[in-house]
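Descriptive structure summary
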Amino acid sequence: MTSRRELAAAALLGAVGAGLAAGFTGRTWATVTVRGGMNLMPSLQPLTGRSLSGGVAALGLAGLAGIAALLATRGWARTAVGVLLTGFGVLIAVLSPVAVRHAHVVSAAANRTNLTRLTGDVTVQVNGWWIVALAGGVLLAAAGLLTVVRGRRWPGMSARYDRPGNAPRQGDDPASLWKSLDRGDDPTSEDLQDR
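A brief report on the enclosed structure follows. What you are looking at is a predicted structure, and each value in this text was computed from that prediction instead of being measured.

1. As for the nonpolar core
In this structure, W29, L47, L52 and L70 are the most contacted members of the largest nonpolar core, which totals 27 residues. Broken down by secondary-structure element, the contributors of at least two residues to this core are α1 (3-23), β1 (28-35), α3 (54-72), α4 (75-99), α5 (102-112) and α6 (129-150).

2. Focus on the sheet that holds strand β3 (residues 121-126)
Hydrogen bonds between backbone groups are what pair the strands of a sheet, and the pairing can be parallel or antiparallel. Reading across from one edge, β2-β1-β3 is the order of the three strands in this open sheet, with antiparallel pairing throughout. With one partner strand each, in any of the chains shown, β2 (43-48) and β3 form the two edges of the open sheet. Looking at each pair of strands side by side, their axes are set apart by 20 degrees on average, direction ignored. Where β1 and β3 come together, six bridges link them in antiparallel fashion. Residue pairing for β3: V34 is matched across the bridge by V122.

3. Regarding the side chain of T25
Summarising the element assignment, T25 is placed in the loop between α1 and β1. The residues contacting T25, other than those within four sequence positions of it, are T48, G49, R50, V56 and A57.

4. Observations concerning a nonpolar patch on the surface
Together, V90, V94 and V98 make up an exposed nonpolar region whose accessible area comes to about 220 Å². Among the structural elements, V90 can be located in helix α4.

5. As for helix α7 (residues 174-183)
Of all 10 residues in α7, one are buried, a share of ten percent or less. Positive backbone phi, at 95 degrees, marks G184, one or two positions downstream of α7.

What counts and how
- Residues numbered from 1 in each chain as written.
- Predicted model: local features only at pLDDT ≥ 70, side-chain atom pairs only at ≥ 80, totals over all residues.
- Heavy atoms only, no water.
- Core = buried A, V, L, I, M, F, W, Y, C linked by side-chain atoms within 4.5 Å.
- Buried < 20%, exposed > 50% of the residue type's maximum accessible area, 1.4 Å probe, protein only.
- Helix = DSSP H or I, 4+ residues; strand = E, 2+ residues; numbered from the N terminus.
- Pairing = 2+ DSSP bridges.
- Axes fitted to C-alpha atoms, helices over the stretch in contact; angles between N-to-C directions.
- Contact = heavy atoms within 4.5 Å.
- Patch = residues over 30% accessible without salt bridge, like charges linked within 9 Å, V, L, I, M, F, W, Y side chains within 5 Å.
- Areas by Shrake-Rupley, 256 points an atom, 1.4 Å probe, with all protein chains shown as cover.
- Salt bridge = Lys/Arg side-chain N within 4 Å of Asp/Glu carboxyl O.

Structural data, given as structure tokens:
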């Protein structure tokens, strides 16, 4: 696989992962039901992923910003972005199942309403959307790891327009560049190094 394809694969993998983590926190992850006691009818309290763990959505959005940084950086900076993406993905994968633990869901429902303060049987039904967010975290972490391992070899965003070679050229001051343009010369060509 070429370096450009690896970069595209990491960016796509990370974008999908971060999108899944950020996008599916608006879905109902759990529902708290209170039956019996003083209430004749069961009371329901749906809880979204954002209300159970705002960190998952925030980390997903940070992951999307990290993908933009992945495309714009090179070298050690790209490796640092890969480390951040890996960290974001791992945190998403850890926070998603923690958010739907029974005690946490009941506590979050109690903070939003007084349903759980009523006497009666409290049940928690967990939906599968947290698994989608967890999978997004795993994908984001995989993109980050791929970036850490292989990212320093990938081309940068502006590599196409960079001067070939790293040797400093003579006459790189702005005045000499303008003079070469006035003469009709290409100031970026290698032939002008001797002038």
